[in-house]
Amino acid sequence: MVKKYPDFERGESASETGRTHILPRLFKEAVRLNRQKDKIAQLLLEITPLNAKKKSMEIEAILDDYIPSVEKLITRMKKASSTVKELKKEIAALEQEVNSSKASVQRQLELARKLQEFEALQQTVQDLEDEIAAIPPEIRGKYNIKTERKETIALE
């Protein structure tokens, strides 16, 4: 496996992370039980009046193993529910952290956009002041246009 997938890395151990992990046996058992459930459903669909006795015996044989296994899995899952709760809390905390960082980035983008708009407005005012200064004094006087230049607001 290592030769075939040299970049493959295993997960960190529980002793390193300090987290409790759900045992892989539980997942494997759940997969096995799901397969048995699918097999039972398949057999139920295949029942006809001619093969009802044979199919019911097959279903009964599977159920003899399936029902106790489901009960054991439910018991194990109840024991692992605290781990699941901890993992859900950790996932929620990580999602909240991601959302807050997204909000922070969105706020920064919004502030940058507003700053660009302000600078564009400032440049427009500067251009208008330059155009007014270029108007000959006799025309400015006729329309009472002031030539005083106000200092533009600079962001620090």
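Details of the structure are given in the entry above.
Since we're looking at a predicted model, the values are computed, not measured. (Residues numbered from 1 in each chain as written. Predicted model: local features only at pLDDT ≥ 70, side-chain atom pairs only at ≥ 80, totals over all residues. Heavy atoms only, no water.)

Asks: I'm lost on the side chain of Gln-36 in this one. Help?
Replies: Mapped onto the elements, Gln-36 comes out in helix H2 (residues 24-46). Leaving out residues up to four positions away in the same chain, Gln-36 has contacts with Ile-62, Asp-65 and Tyr-66. (Helix = DSSP H or I, 4+ residues; strand = E, 2+ residues; numbered from the N terminus. Contact = heavy atoms within 4.5 Å.)

Asks: Explain the side chain of Glu-29 here, please?
Replies: Counting through the fold element by element, Glu-29 comes out in helix H2. If sequence neighbours within four positions are ignored, Glu-29 has contacts with Ser-69, Leu-73 and Arg-76.

Asks: It is not clear to me how the pattern of salt bridges should be interpreted in this structure. Could you clarify?
Replies: When the charged atoms of two side chains with opposite charge come close together, those side chains can pair. Summed over all chains, the structure comprises five salt bridges. By sharing partners, the salt bridges in this structure join Glu-29, Arg-32 and Asp-65 into a single network. (Salt bridge = Lys/Arg side-chain N within 4 Å of Asp/Glu carboxyl O.)

Asks: Looking at this structure, I do not really get the nonpolar core. What am I missing?
Replies: Nonpolar side chains in soluble globular proteins tend to be buried together. By size, the foremost hydrophobic cluster in this structure holds nine residues: Leu-26, Leu-33, Ile-40, Leu-43, Ile-59, Ile-62, Tyr-66, Leu-73 and Ala-80. Where this core is concerned, the elements lending two or more residues are H2 and helix H3 (52-134). Counting residues per element, this core draws most heavily on H3, which supplies five residues. Those residues in contact with Ile-40, other than ones at most four positions away along the chain, are Ile-59, Ile-62, Leu-63 and Tyr-66. (Core = buried A, V, L, I, M, F, W, Y, C linked by side-chain atoms within 4.5 Å. Buried < 20%, exposed > 50% of the residue type's maximum accessible area, 1.4 Å probe, protein only.)

Asks: Sorry, what's going on with a positive patch on the surface here?
Replies: On the surface, Arg-25, Lys-72, Arg-76 and Lys-79 cluster together to form a positively charged patch. The element contributing the most residues to the positive patch is H3, with three residues. Position of Arg-25 among the secondary structure elements: in helix H2. (Patch = residues over 30% accessible without salt bridge, like charges linked within 9 Å, V, L, I, M, F, W, Y side chains within 5 Å. Areas by Shrake-Rupley, 256 points an atom, 1.4 Å probe, with all protein chains shown as cover. Lys, Arg positive; Asp, Glu negative; His and termini not counted. Charge placed at Lys NZ, Arg CZ, Asp CG, Glu CD.)

Shape descriptors only; they carry no functional weight alone.
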